[in-house]
Amino acid sequence: MSQATRSIPADIEHAMRREAAELERLDREVYRQYDRDPLAPIVGLGPRQARLAVFGRDPGKREVEIGLPFVGAGGQKVREALYRHRHGRPMPDFDASLEVGEDLYWINTVPYKPLGNKAWPMAVKRRFQPLIAALLTQQWSGEHVITLGREAFHWFGIGQSREIRDGLEAFWSREDRFTATCVTELTLSTGESRRFTLAPLPHPSPLNQRWFKRFPELLDRRLSALGA
């Protein structure tokens, strides 16, 4: 894959670094532990023509160490299920987990690790929303997005109309939310808008006891339905 598909436009990266400098709950100790720049956003991105995006919450300790998103316990759960779906056997090693996701588009609500891995407050997500939305709408041409957990799903309502927010809330309340899809509109501050088809899944964290064991099955169904 060409490096260009993994690069953040310079203006967006500059704006992210500016916002990160003011974050009170940025886990700077973990960044120091691994000699990482705490202002460097941890993003995955992917090919502009990727058929599918995976949208998560924020990076963790392992993501800071490696410098890539979705490589910790939760991310490996996603990659393992993706590998099994494509190859019909267990994922052999860490390198295989990176390779299997090369043709997908990876992105988070906030590309920085918070203290204690607690979700960033809404005020922080609002500050980064225009930047993440710009990446999603301008750097990726796809439509289908697998969202991981409630935070990622409801990100699509930030800054949107009351009608869209209510629609997302109503969909999340449905019993079939992890098998059905939700079409929603994302409007940028410029007035530009894009339509996305969201395919929500539970967050793959081991702490999510209710859904953790079922996650591989649910993701496999999503991948089959979306033709990934």
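Residues numbered from 1 in each chain as written. Predicted model: local features only at pLDDT ≥ 70, side-chain atom pairs only at ≥ 80, totals over all residues. Heavy atoms only, no water.

Asker: Would you mind showing me how to read the pattern of salt bridges here?
Answerer: Pairing between side chains of opposite charge can happen when their charged atoms approach one another. Inspection of every chain in the model, using the stated rule, returns 16 salt bridges. Taking the shortest distance from any N to any O, the salt bridge between arginine 62 and glutamate 65 comes out at 3.0 Å. With arginine 62 and glutamate 65 both in helix H3 (residues 61-66) and three residues apart, this pair spans about one turn of that helix. A residue is classified by how much of its surface remains accessible, and glutamate 65, at 28% relative accessible area, is partly exposed. A salt bridge links arginine 174 to aspartate 176; the nearest nitrogen and oxygen atoms lie 2.9 Å apart. (Salt bridge = Lys/Arg side-chain N within 4 Å of Asp/Glu carboxyl O. Helix = DSSP H or I, 4+ residues; strand = E, 2+ residues; numbered from the N terminus. Buried < 20%, exposed > 50% of the residue type's maximum accessible area, 1.4 Å probe, protein only.)

Asker: So what exactly am I meant to see when it comes to the sheet that holds strand S5 (residues 193-198) here?
Answerer: Pairing between the strands of a sheet is mediated by backbone hydrogen bonds and can be parallel or antiparallel. Pairing is mixed in the open sheet, where five strands are placed in the order S2-S1-S3-S5-S4. The outermost strands of the open sheet, each flanked by one partner alone, are strand S2 (105-108) and strand S4 (182-187). Between one strand axis and the next, the sheet turns by 35 degrees as a mean value, whatever way the strands run. Bridging between strand S3 (residues 144-147) and S5 involves two bridges; their strand directions are parallel. Paired with valine 145 across the bridge in S5 is leucine 198. Each of S4 and S5 is contacted by helix H8 (residues 162-172), which is oriented at about 150 degrees to S4, the strand it contacts most. (Pairing = 2+ DSSP bridges. Axes fitted to C-alpha atoms, helices over the stretch in contact; angles between N-to-C directions. Contact = heavy atoms within 4.5 Å.)

Asker: Help me understand the packing of aromatic side chains in this model?
Answerer: For any two aromatic rings, the description comes down to two numbers: the centre-to-centre distance and the angle of the planes. By the definition in use, this model includes twelve aromatic pairs. Three or more aromatic residues joined by ring pairs make a cluster, and in this case those are Phe55, Tyr105, Trp140, Trp155, Phe156 and Phe196. The ring centre of tryptophan 120 lies 5.6 Å from the NZ or CZ of arginine 25, which sits over that ring. Between arginine 79 and the ring centre of tryptophan 106, over which it is positioned, the NZ or CZ distance is 4.3 Å. (Phe/Tyr/Trp six-rings, centres within 6.5 Å; stacked < 30°, edge-to-face > 60°. Lys NZ or Arg CZ within 6 Å of the ring centre and 35° of its normal.)

Asker: Which parts of the structure should I look at to understand the pairing of S5?
Answerer: Relative to S5, S4 runs antiparallel, the two sharing six bridges. Residue cysteine 182 lies in a different strand from S5, and its bridge partner there is leucine 198. Between the antiparallel neighbours S4 and S5 lie five residues, among them glycine 191 with a positive phi of about 95 degrees.

Asker: Sorry if this is basic, but what is going on with the environment of asparagine 117 here?
Answerer: Following the sequence through the fold, asparagine 117 ends up in the loop between S2 and helix H6 (122-138). Under the relative-accessibility criterion, asparagine 117 is labelled partly exposed at 39%. Sequence separation between asparagine 117 and histidine 203 is 86 residues; the distance between their C-alpha atoms is 13 Å. Once residues lying within four places of it in the same chain are set aside, the contact partners of asparagine 117 are Arg57, Pro59 and Gly60.

Asker: Help me understand unusual backbone geometry in this model?
Answerer: Glycine aside, residues mostly have negative phi, and peptide bonds are mostly found in the trans state. Positive phi is not limited to glycine here, since aspartate 35 has a value of about 55 degrees. Of note, aspartate 35 is situated in the loop between helix H2 (28-33) and strand S1 (52-56). Exposure remark for aspartate 35: the relative accessible area of 70% places this residue in the exposed category. Of note, leucine 45 is a non-glycine position whose phi angle comes to about 55 degrees, a positive value. Looking at the element boundaries, leucine 45 is found in the loop between H2 and S1. Residue leucine 45 is classed as buried on the basis of its relative accessible area of 1%.

Asker: Help me out: how do you make sense of the packing of helix H1 (residues 10-20) against H6 in this one?
Answerer: With their axes 10 Å apart at the nearest point, H1 and H6 run at an angle of 160 degrees to one another. Looking at the two axes, H1 sits roughly antiparallel to H6. As for how H1 packs across H6, the hand of that crossing is left-handed. Contacts from Ile12, Ala15, Met16, Glu19 and Ala20 of H1 reach H6 at Arg127, Phe128, Leu131, Ile132, Ala134 and Leu135. Among the residues making up the contact of H1 with H6, the classes are represented as nine nonpolar, no polar and two charged. (Parallel < 35°, antiparallel > 145°, perpendicular 65-115°, else oblique. Left-handed = near helix turned anticlockwise from the far one by under 90°. Nonpolar A, V, L, I, M, F, W, Y, C, P; charged D, E, K, R; others polar.)

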